[in-house]
Each structure stands twice: as C-alpha cells, then as structure tokens.
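A structural walkthrough
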Amino acid sequence: MTTTPQAARRASPRRRRPSAPDPSAGLLPQAEPVRLLNPDGTLLPARADYPEPPLEALREMYRRMVVGRRFDTQATALTKQGRLAVYPSSRGQEACQVGGVLALRDDDWVFPTYRESMALTARGIDPVEVLTLLRGDWHCGYDPARRCTAPQCTPLATQCVHAAGLAYGESYQGRDTVALVYIGDGATSEGDFHEGVNFAAVFKAPVVYFVQNNRYAISVPLSRQTAAPSLAHKGVGYGVPSEQVDGNDPVAVLAVLNRAVAHARAGKGPFLVEAHTYRMEPHTNADDASRYRDAEEVEAWRDRDPLTRLEIYLRGRNILDDAAVAEIAEQAETSAAQLRERMNTEPTVDPLSLFDHVYAQPTPQLVEQREQVRAELAASEEDA
C-alpha cells in the first residue's frame, strides 16, 4: 500500500509552536484582596509574597491610627461648632490613611485628596495647618516643599498627573524619591487618572497610585463607576503591576504598600494598589448618607473595624497591654484638647491676600480687582 505525502503529514506528530509570552504576566492583581489578619484579629498563614511588617512598625501604626481617629472625631465636631466650613471624615479608613504614610520615607512625596487630613497629621504636619484649607483661611496651611506633601486636592484626580511629573523629575535627576498618590474610587473614572498612570508607566516614574475604594463616590456606588472585576485590574491596561488588599486589615495594607513602594524605588515604574475599605461617616458634614446607603450596611462594616482588628492582634503578640492602650488613648485626648483650644482662636485674615500667588506676575485684571477691594476696605474704615 502506497502512502501519499498528505497522509504521511497527517500521521506525523505536529510540532508545537513555542507559546508567546503572556503580556499580562506580573501585572494582574490576585483574584481576592490580600489579607493577613482575619476580621477577629487572628493571624492568617504567612505569605512569602507579602511578609508581615515588623511588630514595632505595627505598634506605631496602631498609635497613629488611634491618634488619627481622635483627630477625625474632633474635626467633625469642629464643623458642628462652626469652626470649620466643611470636613470630609476618613473614619473607618485609618489603616489606609496611616499605612500610606508609614510605607514612605520622610523625603518621599505624598499627594493627598481632600479626605487625607488624618494621613497628613500622621505624617507629622501640624493639625491646625492641615485644617487651614477646610477652615477657609488659606489654600494650604503647610509648606509643601518642606513637608514633601502636596496641597490637599479638591478636584478629582488632578494630583495623579502632578505626582507623575514630580516623580519623573526626581528620577531624571538621579534621586530615588517615590511619590504616593491617594485616590478615591470615583477618581478612577476621571481623565486625569488615565493620563497620570499612563505617563508614569511609559516613563517609569516611581509612583504608587493608592486607591481607597470606600464603595461610594459621594453617592454613586462602585457599580456605576466601572464594569471591571476590580479597580486594581485597570493597571494591566497601562502595563502597570497592580494589587488589591483588604483595606481594613492594617497588617496587609502596610505589607502591600511596602512592596509597592519598593517596586517604584527600584526603578521599575509605577504600581497600582486598590484597598477595599469603607467610610463610616457621610461624604462630608453636608452630606446625607442615609439617602443612598442603609444602616445595615454601615453596621456590617463596623464589625470590620481596622483599629479593633490591629489591637486584638498586637495584644495577642504581647506588643500591647491595658497600660499601653490607655497611654496611647491619653495621647490622643491630649492632642484633641490642644486642637480644640487652638482652633478657638480666630485667625487674622487679610482680604487682599486673596490675590497673592494667583499668578507669578499679576495680570492687569488682577491688579485692577485688587485695587477695587483695597478701595472698598478703605471706604469701610472711613465709615466706621
């Protein structure tokens, strides 16, 4: 029987073509948020990819979280007393607020949103200076260059671009500075988020984009923001490695951010982290959160309190005891009392300062407006 060439080719084993490399390898986040502590404060099995941070670092994290929560509560009370024009609380997000700061060096840069008042106080910035913006006294109460902290950003996502530019500039000059950007879930729908992350990816700028997904962009739920499996999955579209983490697990938050910052500092480009968390208070004191979320949902998240979770864990490791917890609570109360006293002093405000720092060289229109205000003030003094 004669075998045709076609039959011989069919009978011979086919050679497998070498598989092409997976372009998403190393970019996609894990299917479930990284968690190192159970909600009851017990430790989960150790992970080689995210080692537990040192216990002393976790104790300091606990201290700053306690002081930060007390600051947040006091600032909320100040709005009810008319001492602040507005205050966006970050209660419930303490692990994210403090974890982002602890993962950085003092000479790294922080780019906050309007909600990061707790993070800024945890960074060591004077609480009164932090609240200057929300008090309406000045655009920024602290020196950004000295504190390596950008002014708190009210427009959504614009700081994503600023951070990319600063980080690229630092890298271009041979410095290993890292910029960490705090972002809310709603900001990931903005064009500036796309531009910032894309620029950072292309030019390997050392930026960590830290998304605090607290489930609501003011009143808009996450389901109306994205159809992606998670916000962390957005990173693959830019060629940026990403991860998602339980944002109410302080140990996991710090472990993931430590890795993200190390990645950026090593010259490997940006890293995107999504923390799944929840804000316990309304968007601001001017918001009625009951119109878009129910009390049962809030209570369910109260059981996942990051501060309680970390305290139970540190007690179990003999890093905290009753005396230490009481001492830290006293520090927090002292800090809150000092803030109340200082905020009771009315600031001295010069109306003409409104025209300062608008342009490097004032425009003719700005000069004209300034003179109009000056004339009105002079006329008011004469009438008095």
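Residues numbered from 1 in each chain as written. Predicted model: local features only at pLDDT ≥ 70, side-chain atom pairs only at ≥ 80, totals over all residues. Heavy atoms only, no water.

Extensive coverage of strand S3 (residues 207–213) is indicated by the burial of 7 of its 7 residues. The two faces of S3 match: Val207, Tyr209, Val211 and Asn213 on one face and Val208, Phe210 and Gln212 on the other face are all buried. Of the pairings in the sheet, the one linking strand S2 (residues 179–184) to S3 comprises 6 bridges and is parallel in character. Its bridge partner being in S3, Leu180 is matched across the sheet by Val208. (Buried < 20%, exposed > 50% of the residue type's maximum accessible area, 1.4 Å probe, protein only. Helix = DSSP H or I, 4+ residues; strand = E, 2+ residues; numbered from the N terminus. Pairing = 2+ DSSP bridges.)

With that settled, consider the sheet that holds strand S1 (residues 109–111). Backbone-to-backbone hydrogen bonds join strands into a sheet, with any given pair of strands oriented parallel or antiparallel. Taken together, 5 strands build an open sheet; the order of strands is S1-S2-S3-S7-S6 and the sheet is parallel. Unpaired on one side and paired on the other, S1 and strand S6 (242–246) mark the two borders of the sheet. Strand-to-strand, the axes of this sheet are offset by a mean angle of 20°, without reference to chain direction. Where S6 and strand S7 (residues 271–276) come together, 5 bridges link them in parallel fashion. Bridging across to S7, Asp246 finds its partner in His276. In the packing of helix H3 (residues 94–102) onto the sheet, contacts are made with S2, S3 and S7, and the angle to S2 comes to roughly 165°. (Axes fitted to C-alpha atoms, helices over the stretch in contact; angles between N-to-C directions. Contact = heavy atoms within 4.5 Å.)

What follows deals with the side chain of Thr177. Examined against the element boundaries, Thr177 turns out to sit in the loop between helix H7 (158–172) and S2. Of the residues examined, Thr177 reaches a relative accessible area of 5% and is grouped as buried. A polar contact of 2.8 Å, which involves the side chain of Thr177, links it to the side chain of Glu170. Once residues lying within four places of it in the same chain are set aside, the contact partners of Thr177 are Arg105, Asp107, Asp108, Trp109, Glu170, Pro206 and Arg265. (Polar contact = N/O pair within 3.5 Å; in protein donor to acceptor, adjacent residues only side chain to side chain.)

Moving on: a nonpolar patch on the surface. A grouping of Phe199, Val202 and Phe203 is seen on the molecular surface, where their side chains present a nonpolar patch of about 270 Å² in accessible area. Tracing the chain through its elements places Phe203 in the loop between helix H8 (191–202) and S3. Judged by relative accessible area, which is 42%, Phe203 ranks as partly exposed. (Patch = residues over 30% accessible without salt bridge, like charges linked within 9 Å, V, L, I, M, F, W, Y side chains within 5 Å. Areas by Shrake-Rupley, 256 points an atom, 1.4 Å probe, with all protein chains shown as cover. Salt bridge = Lys/Arg side-chain N within 4 Å of Asp/Glu carboxyl O.)

As a further point, take the environment of Arg59. Mapped onto the fold, Arg59 is located in helix H2 (residues 55–80). Using a relative accessible area of 24% as the deciding quantity, one classes Arg59 as partly exposed. Ignoring anything within four residues of it in the chain, the contact list for Arg59 reads Leu314, Ile319, Leu320, Ala324 and Ile328.

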